[in-house]
Amino acid sequence: MAAYDVVETPSAVASHLDTPAPEPPVKRNCFKEFYFGIPGILTGAAIGIALGILIQTMTPSEEVVSWIGVPGSLFIRAIKCLVTPLVFCSLLVGMADMLAVGKASVIGWRTALLYITTTIIGACQGLLWVVLFRSSFGNKSKSTDANPIEFAFACEEPGHFLTHVGATVSCVYDENYNKTSTFSPSSVFIANDIHGSFAKASSGFARRTLTQALQGQLNAIVPSNITQAFADATLLSIIMFAIPFGVAISLLPRDLTVVSDFFRAINTVFMTMITWVISSTPIAIISLLASSISEQSDLKLLVSDVGLYVLCALLSLFVHTYVFYPILLRSFVKINPYKWIMKMARAQTFAFGCASSMATLPVVMECIDETREVSQTLSRF
């Protein structure tokens, strides 16, 4: 049974070695530092916003806007395609390495506790901001009487519509409509919703009870088809499958470590491919922002309608990121939290540009690796 107790994986062995020899100095490449760093992302965001506003003033067609967004769309699709298997392999290898050094249980419980705590506090903060801004987001919808529904009835004979003149209703040729595509007043009927049928119509949002929500999460934890979970990019199902998979690999005899070596190599391959995709980040951000802004029909109306909502969202994110997280980081790690946040600024900027947490995951992992303060075994876990 001794062969099953501890498996010395390559990552675990590396952690036992002395401090590696310092790497030779690398010649700085100013273009790469600018392009792949925060300046490149911010420049891409600025160009994308300016380009989007310029194109929007030209009232482009939907086809033009769709082509503008193609590079960004392909970028997001490529990231999502690679992130799912990357998460699986990284977590699997990380779990095996943690078990190899005997830290999986401690780190696992700490991670779970930290995740639950931050989630609960984040939800409470969200409720607090809702209460503070509740009066500003009141129901401003108008009644059906203020916005009557107008419609017309077509008759069997082409060009004829049902018209009303006094108390008489008959099918008459609508000359105004056939010339200008605008109905004459006598052909227009107004719906008076005396029974409130339109007001009672479903809003289209499916309502779920607490039991249904909890059971849905439990079903996601134990997927019936892991292949379908990969196809749907259901990360919770993939994570819960990868954890016992990694445990099982760590229990293999020493002569079967080829299994863990295989997934370790696959993980390296996916990280390399992710790096290739991330190299086009500034271009993708230009495409995403330009297409998103240029498809708006009225920028002034958009800003006036969602300005308060954006302000509320930014305030809540600012407090959560730059107040709550620093307090948490300072309490447990005893380091300057704002220096760490600055090191993660590229990932935060990238997340702002692509609006996808899944697509941002590889950038987060890359930023963590660049800090050289967290081992890859722990960051992948």
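As the structure is a prediction and not an experimental result, all values here were calculated from the model.

Criteria and cut-off values
- Residues numbered from 1 in each chain as written.
- Predicted model: local features only at pLDDT ≥ 70, side-chain atom pairs only at ≥ 80, totals over all residues.
- Heavy atoms only, no water.
- Helix = DSSP H or I, 4+ residues; strand = E, 2+ residues; numbered from the N terminus.
- Buried < 20%, exposed > 50% of the residue type's maximum accessible area, 1.4 Å probe, protein only.
- Areas by Shrake-Rupley, 256 points an atom, 1.4 Å probe, with all protein chains shown as cover.
- Disulfide = S-S within 2.5 Å.
- Core = buried A, V, L, I, M, F, W, Y, C linked by side-chain atoms within 4.5 Å.
- Domains from an automatic or database assignment.
- Axes fitted to C-alpha atoms, helices over the stretch in contact; angles between N-to-C directions.
- Parallel < 35°, antiparallel > 145°, perpendicular 65-115°, else oblique.
- Contact = heavy atoms within 4.5 Å.
- Nonpolar A, V, L, I, M, F, W, Y, C, P; charged D, E, K, R; others polar.
- Patch = residues over 30% accessible without salt bridge, like charges linked within 9 Å, V, L, I, M, F, W, Y side chains within 5 Å.
- Salt bridge = Lys/Arg side-chain N within 4 Å of Asp/Glu carboxyl O.
- UniProt positions renumbered as here; feature names shortened; annotations may be inferred.
- Phe/Tyr/Trp six-rings, centres within 6.5 Å; stacked < 30°, edge-to-face > 60°.
- Expected span 1.5 Å × (residues − 1).
- Pairing = 2+ DSSP bridges.
- pLDDT = per-residue confidence, 0-100.

Draft legend 1. Layout of the overall build of the protein. A count of helices and strands for the protein gives 18 helices and 4 strands. For the protein, the proportion of its 381 residues judged to be buried stands at 30%. Summed over all atoms, the accessible surface of the protein reaches about 25200 Å², with 66% contributed by carbon and sulfur.

Draft legend 2. Expanded view of the state of the cysteines. Scanning the model with the defined rule gives 1 disulfide in all. Linked covalently through their sulfurs, Cys155 and Cys171 form a disulfide whose S-S length is 2.0 Å. Here Cys155 and Cys171 share a disulfide; its torsion about the S-S bond, -90°, makes the bridge left-handed. Of this pair, Cys155 sits in the loop between β1 (149-151) and β2 (160-165) while Cys171 is found in strand β3 (residues 168-173), placing the two residues 16 residues apart along the sequence.

Draft legend 3. Structural detail: the nonpolar core. One finds Phe75, Ile79, Phe88, Phe263 and Ile274 to be the most contacted residues of the largest nonpolar core, which totals 36 residues. Mapped onto this core, the elements with two or more residues apiece are α4 (38-57), α6 (70-100), α11 (235-250), α12 (258-278), α13 (281-294), α16 (345-354) and α17 (357-371). Looking at this core, the element that brings in the most residues is α6, giving 12 residues. When residues are assigned to domains, this core turns out to be shared by domain 1 (30-110 + 209-302) and domain 3 (335-380), each giving three or more.

Draft legend 4. Quick peek at the packing of helix α9 (residues 210-221) against α11. Two elements in contact, α9 and α11, have axes separated by 7 Å at closest approach and are oriented at 45°. It follows from the interaxial angle that α9 and α11 lie oblique. The segment α9 lies against α11, with Gln217, Ala220 and Ile221 engaging Leu236, Ser237 and Met240. Residues of the contact of α9 with α11, tallied by class, amount to 4 nonpolar, 2 polar and no charged.

Draft legend 5. Representation of the side chain of Gln125 in the model. Looking at where Gln125 falls in the secondary structure, it is placed in helix α7 (residues 104-132). Exposure remark for Gln125: the relative accessible area of 15% places this residue in the buried category. Look past the residues within four positions of Gln125 in its chain and what remains in contact with it is His320 and Phe324.

Draft legend 6. A look at a nonpolar patch on the surface. Taken together, the side chains of Ile47, Leu51, Leu54 and Met58 make up a nonpolar region of the molecular surface, amounting to roughly 370 Å² of accessible area. The residue Met58 is located in the loop between α4 and α5 (62-68) in this model. Classification of Met58 as exposed rests on a relative accessible area of 55%.

Draft legend 7. Highlighting unusual backbone geometry. The backbone of Thr59 shows a phi angle near 45°, a positive value even though the residue is not glycine. Structurally, Thr59 can be placed in the loop between α4 and α5. Classification of Thr59 as exposed rests on a relative accessible area of 66%.

Draft legend 8. Main features of the UniProt feature "transmembrane region" (unreviewed entry) in the protein. In the numbering used here, UniProt assigns the "transmembrane region" (unreviewed entry) feature to residues 34-55, 75-100, 112-132, 233-252, 273-294 and 306-328. End C-alpha to end C-alpha, residues 112-132 measures 30 Å, and it is 100% helix and 0% strand. As a span, residues 273-294 carries 91% helix and 0% strand, and end to end its C-alpha atoms are 31 Å apart.

Draft legend 9. Region of the structure containing the packing of aromatic side chains. Going through the model one piece at a time under the given rule, you end up with 9 aromatic pairs. Judged by centre distance (5.4 Å) and plane angle (80°), the rings of Phe88 and Phe230 are edge-to-face. Taken together, the positions of Phe88 in helix α6 and Phe230 in helix α10 (residues 226-232) put the pair 142 residues apart, joining distant regions of the chain. By relative accessible area, Phe230 is classed as partly exposed at 27%.

Draft legend 10. Quick look at α13. Across its 14 residues, α13 extends 20 Å between first and last C-alpha, which sits within 8% of the 20 Å expected from 1.5 Å per residue. When you tally the buried positions in α13, you get 11 out of 14 residues, the bulk of the element.

Draft legend 11. Main features of the pairing of β2. Where β2 meets β3, 6 bridges bridge the pair, whose relative direction is antiparallel. If you follow Leu162 over to β3, its bridge partner there is Cys171. Hairpin connection between β2 and β3: a loop of 2 residues separates the two successive antiparallel strands, and Gly166 in this loop has a positive phi of roughly 65°.

Draft legend 12. Representation of the environment of Ser73. Turning to its location among the elements, Ser73 is positioned in helix α6. On the accessibility criterion, Ser73 (36% relative accessible area) is partly exposed. Separated by 215 residues in the primary sequence, Ser73 and Leu288 have C-alpha atoms spaced 7.3 Å apart.

Draft legend 13. Broad picture of the environment of Ser224. By the element assignment, Ser224 lies in the loop between α9 and α10. A C-alpha to C-alpha distance of 9.5 Å links Ser224 and Ser237, two positions 13 residues apart in sequence.

Draft legend 14. Spotlight on α11. Here α11 spans 22 Å end to end across 16 residues, near enough to the 22 Å set by a 1.5 Å rise per residue. All of the buried residues in α11 are Ser237, Ile238, Ala242, Gly246, Ile249 and Ser250.

Draft legend 15. Molecular detail of the confidence of the model for the protein. When pLDDT is averaged across the protein, the result is 75; 76% of the residues are at 70 or more. When mean pLDDT is compared element by element in the protein, α5 scores highest at 87, while helix α1 (residues 2-5) scores lowest at 38. In the predicted structure, residues 140-146 sits below a pLDDT of 50 and forms 4 contacts with residues beyond four places in sequence or in another chain.

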